[in-house]
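Residue-level structure breakdown
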Amino acid sequence: MKVLVNNTIESRENVAIDIEDRGYQFGDGVYEVVRVYEGEVYELDGHVERFFRSAQEIDITLSYTVNELKENIKALIAENNVVDGGIYFQVTRGVSPRKHSYDRTLASHLIAYPLYFTRPKEKQLSGVTAITVDDLRWLRCDIKSLNLLYNVMMKQKAQDNKAFEGIFVRDDVITEGTSTNVFIVKDGVYKTHPASNMILNGITRQRILSLLSENNFTVEEVKFTKAELLAADEVFITSTTSEVMPIIEIDNQIIGQGQVGDKTKQIYNLLINYIG
Ligand code: PMP
């Protein structure tokens, strides 16, 4: 496997991570996952721009431009012959003796490498289940931080309950999933939590909002409660890897008709057509 390390592509065997990399001690860094379909990178601009924003928000300086990183990611895809899957990339603040505060002159450390996976078609056709969980995360969920501990714990709780996703509830409001954004449909209106510090503004979420508007569907970026979630006609979650994933049961309660709804199918088809 070929790996991008800062500005250079190297063989995985030749890449070593320092034990004092702050990513290990503090989760001090940010990341992205970008999708590759049939060898072509998808929504690279949105992911790289969000990556630069996340890094800036936590005061990490990157040693390449947006365009250089995009070119390096494309080269990495070619070098690894990625057909279906994605690229994971992360940057940490760098290496230093362990202490919480940091020195702004540290050299940030980027790694990027391929992930291999395919579209979860069967689940998208059948729909999946979810559970609700308390949203006990920090209040900067807009930053795609490496600190995923609580998300990891709640995804595991979902899996232990044979559910696909854990849906976060904060002050009775549905924010997002552990690794997805959440949409409901009620009386023909699509709704999702507004972009704020309470959620990660998903690239898929943003694409879906555009596709819905362009196709004259009614869509609102508004807060909705857990009761509204459970009483929705349809629920689906979105992400780079899940695309549009229908949710047909939450907390053992059937959603709508208990099957993939028409409005979910419509936006699923619009997204798949857009991806091409
Ligand atoms: N929310 C969270 C917490 C996530 O981790 C993700 C996946 N990275 C998303 C939403 C969906 O974002 P995207 O559509 O950019 O993959």
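An account of the accompanying structure is given in this report. (Residues numbered from 1 in each chain as written. Predicted model: local features only at pLDDT ≥ 70, side-chain atom pairs only at ≥ 80, totals over all residues. Heavy atoms only, no water.)

By the definition in use, this model includes 11 aromatic pairs. Taking the centre distance of 6.4 Å and the plane angle of 80° together, the rings of Phe52 and Tyr64 count as edge-to-face. With Phe52 in helix α2 (residues 44-57) and Tyr64 in the loop between α2 and α3 (66-80), the pair connects residues that are 12 residues apart, well separated along the chain. When the ring centre of Tyr102 is taken as origin, the NZ or CZ atom of Arg93, which lies over that ring, is 3.6 Å away. When the ring centre of Phe164 is taken as reference, the NZ or CZ atom of Lys155 above it lies at 5.9 Å. (Phe/Tyr/Trp six-rings, centres within 6.5 Å; stacked < 30°, edge-to-face > 60°. Helix = DSSP H or I, 4+ residues; strand = E, 2+ residues; numbered from the N terminus. Lys NZ or Arg CZ within 6 Å of the ring centre and 35° of its normal.)

So, on to the site of the ligand. Close to the ligand lie 18 residues; Lys144, Glu176, Ile203, Thr204 and Thr240 are nearest. A distance of 2.9 Å separates an oxygen atom of the ligand from a polar side-chain atom of Arg50. One of the side-chain N or O atoms of Lys144 is found 2.3 Å from a nitrogen atom in the ligand. Contact with the protein chains covers 92% of the free accessible surface of the ligand, which is 390 Å². Comparing atom positions with the cavity grids shows the ligand to sit within the largest pocket. (Near = heavy atom within 4 Å. Polar contact = N/O pair within 3.5 Å; in protein donor to acceptor, adjacent residues only side chain to side chain. Areas by Shrake-Rupley, 256 points an atom, 1.4 Å probe, with all protein chains shown as cover. 1 Å grid on protein atoms, 1.4 Å probe; cavity = no way out; pocket = protein on both sides within 12 Å on 5 of 7 lines; lining within 4 Å. Sits in = over half its atoms within 2 Å of the grid points.)

What follows deals with empty space enclosed by the protein. Space left empty within the atom packing is revealed by a probe, the size of a water molecule, rolled over the atoms. The tally for this structure, following the rule as stated, stands at one cavity of 30 Å³ or more. Roughly 40 Å³ of volume is contained in the largest cavity. Lining of the largest cavity is provided by Arg35, Tyr37, Tyr42, Thr204, Ser239, Thr240, Glu243, Leu271 and Ile275. Secondary structure elements with two or more residues in the lining of the largest cavity: β3 (29-37) and α8 (262-275). In the lining of the largest cavity, the residues fall into four nonpolar, three polar and two charged. (Points joined across faces, edges and corners; volume = space filled by probe spheres on them. Nonpolar A, V, L, I, M, F, W, Y, C, P; charged D, E, K, R; others polar.)

Once that is clear, we can look at the nonpolar core. Within the largest apolar cluster, 23 residues are counted, with the highest numbers of intra-cluster contacts made by Phe51, Leu69, Ile73, Ile87, Phe89 and Val91. Of all the secondary-structure elements, those providing two or more residues to this core are β3, α2, α3, β5 (85-92) and β6 (109-116). With sequence-adjacent residues up to four places away left out, Ile87 is seen in contact with Glu32, Val33, Val34, Ile73, Leu76, Ile77, Ala112, Tyr113 and Pro114. One finds Ile174, Leu229, Met245 and Ile255 within the second-largest nonpolar core, a separate group that totals 17 residues. (Core = buried A, V, L, I, M, F, W, Y, C linked by side-chain atoms within 4.5 Å. Buried < 20%, exposed > 50% of the residue type's maximum accessible area, 1.4 Å probe, protein only. Contact = heavy atoms within 4.5 Å.)

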